[in-house]
Amino acid sequence: MNAPTRLIVDVDTGIDDSFALLYLLGSEDAEIVAVLSTAGNVPTAQVTINNLAWLELCGRGDIEVAVGANGPLSAPLRTTEDTHGPQGLGYAVLPQPTHRPSDRTAAQAWIDLTREHPGELVGLVTGPLTNLALAIRADPELPGRLRRLVVMGGAFQHPGNTTPVAEWNISVDPEAAAEVFAAFSAVPEDRAPIVCGLDITERIILRPEHLHRLAELADSAPAEIIRTDDHPSTRSATSNPVVRHLSDAVRFYFEFHRDHGQGFIAHMHDPFAAAVALDPGIATYRSATVDVETEGRITRGQTVADWHGLWGRSPNARITSETDVDAFLDDLIHRIAGMAKVVAASSNRTDR
Ligand code: BDR
Ligand code: CA
C-alpha cells in the first residue's frame, strides 16, 4: 500500500464532523497529524472536548488536538445547537476525555506543521475557515506549502442552508472565507482548494438503514434500528460503544432534517469532504474563481463562483460537481464499522 495521506483536520464537531473524524480514523490510507477545533456548530471549548472525546473513545488519544479561535475574525459568533444538539453531538454523551489539548493554537499548528512537512500535508476544513485565515494572516506563504486543501462550504448553483443564499460554514465567518479564497489565488490552478458545497453534499443522504448496516458490519447487537416514531427518550442500546454513541448522535440529526421538511435523513456534508481529501478521484470538479459576499444586506456569506472568467481573475477553486453517492456511503459505513469493531475488540482484550 502507498504511504497514508497525512492530514490536518480543522473541524467544528458537530454530528457530521464526527462522522468525518470516524471515517478518517477508520481509513488505513489516512494519518491524522492534528485535529484543530474551530467555533461553529458549538463554541470552541465544546468542539475541543468533542474532538478529544471521540479520539479517546477510538483509542487515538495520542493525536494532537489544538484549540482554535473563540469566534470569527470580526463577526459575533453564532452557534447552532438546534442542528447538532446541546453539546454538538446530538443525544450522544461521550465519556469525559482525560487528554488535554496541546499548548499551541490551531493557527500556530497550521503554520508549524506545514513548515515541518512542506508539500506533504492535506488540509481538510469542515467548519468555518477562521483558524486557517488567521494562520495565513501570520504566514502568507502557507497556501503554497499544502499538498491539497479540501473545504466543506458554500452553495453555488444551490440554495443556502443558513440564509437563502449562504451555507453555514461560510456564513459564520464570511471574512475568513473571503481571505482564504483570496490567498489561494496565488497557488497554481491544479492545487486550488477543492470545495464541497451544498450542491453535492445535500445529495449525500444517510438513512436509518445505513446505520443499521453499519452496526451489523461492526457485529454490534441488538441490531440498530432508528425509527421516526420512536419515543423521544429512545437511546441506543447496541453493544459497540462507537456505534452506540454515533447512533445517538445521528438520531438527533435525522430528527432535525425531518423537522425541517427534508425527510428522516441526515446530510453527510463533512465525511464526504473527508473522503475527497483522501482521494480526489472519487469526484469530478469544475474550476471557478470564488469570492465571498461580505457586505450584502441579504446576501452576506454567499459564495459567488465566476465560471466564465468574467472577473478576469484566475480560478482559485475546484468545485465538486459529481460523485457516486452510493459508493461513497458504502465506503463510509464500511470504514467506520471496521474501526468500531477493532476498538471494541481491543477494549475487550484490555478488560480481560
Ligand atoms: C456544514 O454546516 C455544519 O453545520 C455541518 O457540520 C457542515 O460542516 C453544512 O452546511
Ligand atoms: Ca462541520
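Further up the page is the structure itself.
A.B. asks: Any details on the environment of alanine 45? Residues and values, ideally.
C.D. replies: Mapped onto the secondary structure, alanine 45 falls in helix α2 (residues 44-57). A relative accessible area of 54% means that alanine 45 is categorised as exposed. As a C-alpha pair, alanine 45 and asparagine 70 span 25 residues in sequence and 8.0 Å in three-dimensional space.

A.B. asks: So what's going on with the pairing of strand β5 (residues 148-152)? Residues and values would help.
C.D. replies: Counting buried positions over the five residues of β5 gives five, a clear majority of the element. Both faces of β5 are covered, namely the face carrying Arg148, Val150 and Met152 and the face carrying Leu149 and Val151. Relative to β5, strand β4 (residues 122-125) runs parallel, the two being bridged by four bridges. When the sheet's bridge partners are listed, glycine 123 is paired in β5 with leucine 149. A crossover links β4 with its parallel partner β5, the connecting element being helix α5 (residues 130-138), and its sense is right-handed. With three bridges joining them, β5 and strand β6 (residues 194-196) adopt parallel strand pairing. Bridge pairing in β6 places methionine 152 opposite cysteine 196.

A.B. asks: Can you tell me about the coordination of the calcium ion (ligand 2), naming the residues and giving the values?
C.D. replies: Ideal geometry at a metal gives 109.5 degrees between four tetrahedral donors and either 90 or 180 degrees between six octahedral ones. For the calcium ion (ligand 2), every protein donor is listed as Asp12 (OD), Asp17 (OD), Asp17 (OD), Thr126 (O) and Asp270 (OD), and the spread of their distances is 2.3 to 2.6 Å. Each donor residue of the calcium ion (ligand 2) belongs to the same chain, with the gaps between them written as D-x4-D-x108-T-x143-D. With aspartate 17 in helix α1 (residues 15-25) and aspartate 270 in helix α11 (residues 269-278), this pair connects stretches of sequence that are 253 residues apart. Since its relative accessible area comes to 0%, aspartate 17 is described here as buried.

Each value, and the rule that gives it
Residues numbered from 1 in each chain as written. Chains lettered and ligands numbered in written order. Predicted model: local features only at pLDDT ≥ 70, side-chain atom pairs only at ≥ 80, totals over all residues. Heavy atoms only, no water. Helix = DSSP H or I, 4+ residues; strand = E, 2+ residues; numbered from the N terminus. Buried < 20%, exposed > 50% of the residue type's maximum accessible area, 1.4 Å probe, protein only. Pairing = 2+ DSSP bridges. Right-handed = clockwise from strand over helix to strand, strands pointing away. Donors = N, O, S within 2.8 Å, 3.2 Å for Na, K, Ca; no water.

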